[in-house]
Amino acid sequence: MNYKEAIDYISTTKKFGSKPGLERIRRLCELLGDPQKALKFAHVAGTNGKGSVCACLSSVLMRAGYKTGLFTSPAIQRFSERIRIDSVEISEEEVARYTSLIKSKIDIMKAESDDHPTEFEILTAMAMLHYKKHNCDIVVLEVGMGGIIDSTNIIDDNTSLVAVITSIGFDHMEYLGTTLSEIAAKKAGIIKKGGMSVVYPAKPEVMAVFEEVCRQKNSGLRKLDDKEVEILTQDINGTSFDFGIYKGLNITLLGKYQVYNAALSMLACEELRAKGFKISEENIREGLQNAKWAGRFEIVNREPLTIIDGAHNPEGARALLEGLECYFPGRKLIFICGCLADKDVGAIFKPFGAIAKRFITITPDSPRAKAGEELESEIRRFHKDVVHKNNVDEALDYALSTLEPEDVICAFGSLYFIGGVRDYFGLV
């Protein structure tokens, strides 16, 4: 199997959709020799901020000299982004080799039953094979959706060194529940018996869920205290802040919430240090300052100023709006928007009406996408200047052709199209 054949094969498994449960991934990994059992993990779940926390944590670990695997989703531009070791993406040759092996095991599973592994389960298995082959010291493992029955939760109690839970909000409610407590309970599924957990500040009903699960599993719990975080300076080049005993820290990730994500990753580092990892304050400082994460309040072009953000739920949208109002007070923005069909358009996009000069809608590259024409019609209910374009390139061409000197372009609403904006500006 060559790389194209491997990608074609993996793409065909999209038809199986998302099927929560661990039975398929357990059997697949068993047939592959359970590669995950030879690894150690920092497991990261949550509604928003997972990728940024993973980026900060992996950056620190790399600077501390550890061979660090990083598993994230979805891809922004390339399939290989999801599986990295020390910032190096998995090669095409390795993708082809692993896929051939995985397909041979799936053929065995198909002979046993009709329950075929999903695309994400195949990616999870591939990642475990890759990290084991290259003898990673630790893997920063991002949950795909939820936690308790997400395929990444195949890892054992004794291999999960720390469970990290980021902010909790409303998303994937058809799978995770309709209340914050129900959603939190799914996310808390990554908490391991006798393990250690660090969690983002949360509403009392959410924190109560984490406390109870930790009590039941005899897991230690550290809560990020936002009162220990003090932002010193903040502009579009980055943020300087204090956190507890750490003074004058710097990050280039933009948005106030990224400061708290960075602080949460620091708590995880302290817990890893307690388990024998040699992580110095200098490693933390350098790691945070060098952490990058594509697609989260990312400036992809300076002239004209163009920003992309993967905000695809109400909480993420609020964080983006807060950042735009902070960095660009009084300026009007041209928004390029797309979303999936199950999203609450009013909750996500309507708050931006007050600062919008214009909305341009597109259809994201996903079988679950909301048609751009439909999104145009829904946004028109609260903003009069809305146009639809056939794709990202046409949307950007139109935005640039109508731009005035003080205008800012911001593309958001789905992770499934913002990679096209990076492509447009030649970013890799």
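If you're wondering where the values come from, they're calculated on a predicted model, not measured in any experiment.

Student: Can you walk me through unusual backbone geometry in this structure?
Tutor: Among all residues save glycine, negative phi is the norm, and among peptide bonds the norm is trans. Between Ser73 and Pro74 the backbone carries a cis peptide bond, its omega angle lying at -10 degrees. Structurally, Pro74 can be placed in the loop between strand S2 (68-71) and strand S3 (83-85). For the bond running from Glu303 to Pro304, omega is -5 degrees, close enough to zero to count as cis. Along the chain, the position of Pro304 falls in the loop between strand S12 (298-301) and strand S13 (306-309). The phi torsion at Asp86 lies on the positive side, around 50 degrees, for a residue other than glycine. Locating Asp86 in the fold gives a position in the loop between S3 and strand S4 (88-89).

Student: Could you clarify how one ought to interpret the side chain of Arg82 in this entry?
Tutor: Among the structural elements, Arg82 can be located in the loop between S2 and S3. One buried charged residue, Arg82, remains without a salt bridge, the closest side chain of opposite sign being Glu119 at 4.3 Å. Setting aside anything within four residues of it in sequence, one finds Arg82 in contact with Leu70, Phe71, Thr72, Ala75, Glu119, Leu123 and Tyr131.

Student: Is there a simple way to explain the nonpolar core in this structure?
Tutor: Generally speaking, a soluble globular protein has its nonpolar side chains buried in company with each other. Core analysis: the biggest nonpolar cluster contains 73 residues, and Phe243, Leu288, Leu324, Phe335, Phe352 and Phe412 have the highest contact counts within it. Among the elements that line this core, the one with the most residues is helix H9 (residues 256-274), at eleven residues. Apart from the residues within four sequence positions on either side, Leu324 is in contact with Phe297, Ile307, Pro329, Leu333, Phe335, Phe352, Ile355 and Cys410. Ile10, Leu32, Phe120 and Leu141 belong to the second-largest nonpolar core, a separate cluster that totals 34 residues.

Student: Looking at this structure, I do not really get the packing of aromatic side chains. What am I missing?
Tutor: Ring pairs (aromatic) are described by centroid distance and by the angle formed between their planes. What the rule picks out here adds up to eleven aromatic pairs. Seen from their ring centres, Tyr424 and Phe425 are 5.2 Å apart, and the 75 degrees between their planes marks the pair as edge-to-face. Here the aromatic cluster, defined as three or more aromatic residues joined through ring pairs, consists of Phe335, Phe349, Phe352, Phe359, Phe382 and Phe412. Cation over ring: Arg97 sits above Tyr98, and NZ or CZ is 6.0 Å from the ring centre. Here Lys389 stacks its cationic end above the ring of Tyr398, 4.5 Å away from the centre of that ring.

Student: What should I look at first to understand the environment of Leu403 in this one?
Tutor: Mapped onto the elements, Leu403 comes out in the loop between helix H14 (392-401) and strand S17 (408-412). With relative accessibility at 24%, the residue Leu403 sits in the partly exposed group. In contact with Leu403, not counting residues within four places along its chain, are Pro304, Ile334 and Ile409.

Student: For this particular structure, what's the right way to read the pairing of S12?
Tutor: Taken residue by residue, a regular strand's side chains alternate between the two faces of the sheet. As paired elements, S12 and S13 share three bridges and run antiparallel to each other. From the neighbouring strand, Ile299 faces S13, where its bridge partner is Ile307. From the end of S12 to the start of S13, which pair antiparallel, there are four residues.

Student: Got a minute to help me understand the state of the cysteines in this structure?
Tutor: On inspection of all chains with the given rule, the structure shows zero disulfides. With no disulfide of its own, Cys136 lies closest to Cys54 among cysteine sulfurs, the gap being 14 Å.

Student: Got a minute to help me understand the pattern of salt bridges in this structure?
Tutor: When the charged atoms of two side chains with opposite charge come close together, those side chains can pair. Enumeration according to the criterion identifies 22 salt bridges in this entry. Residue Arg24 is joined to Glu121 by a salt bridge in which the shortest nitrogen-to-oxygen separation is 3.1 Å. Taken as a pair, Arg24 in helix H2 (residues 23-31) and Glu121 in helix H5 (residues 119-133) lie far apart in primary sequence, 97 residues in all. Overall, Glu121 belongs to the buried group, its relative accessible area being 3%. A salt bridge links Glu270 to Arg222; the shortest N-O distance between them is 2.9 Å. Pair noted here: Glu270 is in helix H9 and Arg222 is in strand S8 (residues 220-223), with a separation of 48 residues, a long-range link. For Glu270, a relative accessible area of 19% puts it in the buried group. Classification of Arg222 by relative accessible area gives partly exposed; the value is 28%. Residues joined by salt bridges that share partners form a network here, namely Arg24, Asp115 and Glu121.

Student: What is the right way to look at the sheet that holds strand S11 (residues 246-251) in this model?
Tutor: Whether parallel or antiparallel, the strands of a sheet pair through hydrogen bonds between backbone atoms. A sheet is described by the order of its strands in space; here three strands give the open sequence S9-S10-S11, paired in antiparallel fashion. Only two strands of the sheet have a single neighbouring strand rather than two, namely strand S9 (229-235) and S11. Taking each pair of neighbouring strands and ignoring which way they run, the sheet shows an average axis angle of 20 degrees. Bridge analysis of S9 against strand S10 (residues 238-243) gives six bridges, and the strand direction is antiparallel. Pairing of Glu230 across the sheet is with Asp242, part of S10. Of the strands in this sheet, S10 and S11 touch helix H10 (residues 281-290), which is tilted by about 30 degrees from S11.

Student: In this structure, what is going on with the packing of helix H3 (residues 50-63) against H9? I would like to understand it.
Tutor: Two numbers describe a pair of packed helices, the interaxial angle and the distance between the axes. Two elements in contact, H3 and H9, have axes separated by 8 Å at closest approach and are oriented at 45 degrees. Here H3 lies oblique to H9, going by the angle between them. In terms of crossing hand, the pair formed by H3 and H9 is right-handed. The segment H3 lies against H9, with Ser52, Val53, Cys56, Leu57, Val60 and Leu61 engaging Gln258, Asn261, Ala262, Leu264, Ser265, Ala268, Cys269 and Leu272. Per-class residue counts for the contact of H3 with H9 are ten nonpolar, four polar and no charged.

About the thresholds
- Each chain has its residues counted from 1, following the order in which its sequence is written.
- Only residues with pLDDT of 70 or above have their local features reported here, since the model is predicted, and side-chain atom pairs are shown and tallied only from 80 upward, although totals for entire chains, interfaces and linings are computed over all residues.
- Water and hydrogen atoms play no part in the side-chain values, which are based on all heavy atoms of the structure.
- Note on conventions: DSSP H or I runs of at least 4 residues are helices, E runs of at least 2 residues are strands, and numbering of each starts at the N terminus.
- Only protein chains enter the accessibility calculation, which uses a 1.4 Å probe; a residue whose area is less than 20% of its type maximum is buried, one above 50% is exposed, and one in between is partly exposed.
- Charge assignment: positive for Lys and Arg, negative for Asp and Glu; neither His nor the chain ends contribute.
- The rule for a salt bridge is simple: a side-chain nitrogen of Lys or Arg has to be within 4 Å of a carboxyl oxygen of Asp or Glu.
- It only takes one pair of heavy atoms within 4.5 Å for two residues to be counted as in contact.
- Within this scheme, the nonpolar core is defined by two criteria: the residues are buried Ala, Val, Leu, Ile, Met, Phe, Trp, Tyr or Cys, and they are joined through side-chain atoms within 4.5 Å.
- Aromatic rings from Phe, Tyr and Trp, taking only the six-membered ring of Trp, are treated as a pair when their centres fall within 6.5 Å; an angle between ring planes under 30 degrees marks them as stacked, one over 60 as edge-to-face, and anything in between as tilted.
- By the criterion adopted, a ring carries a charge over it if an Arg CZ or a Lys NZ lies within 6 Å of its centre and within 35 degrees of its normal.
- Here, strands pair whenever DSSP counts at least two bridges between them.
- In this description, the term disulfide denotes a pair of cysteine sulfurs within 2.5 Å.
- The axes used here are C-alpha line fits, helices contributing only the stretch in contact, and every angle between their N-to-C directions lies in the interval 0 to 180 degrees.
- Convention used here: angles under 35 degrees read as roughly parallel, angles over 145 as roughly antiparallel, angles from 65 to 115 as roughly perpendicular, and any remaining angle as oblique.
- The crossing is said to be left-handed when, going from far helix to near helix, the turn is anticlockwise and less than a right angle, and right-handed when the turn is clockwise.
- Polar here means any residue outside two lists: the nonpolar Ala, Val, Leu, Ile, Met, Phe, Trp, Tyr, Cys and Pro, and the charged Asp, Glu, Lys and Arg; Gly therefore counts as polar.

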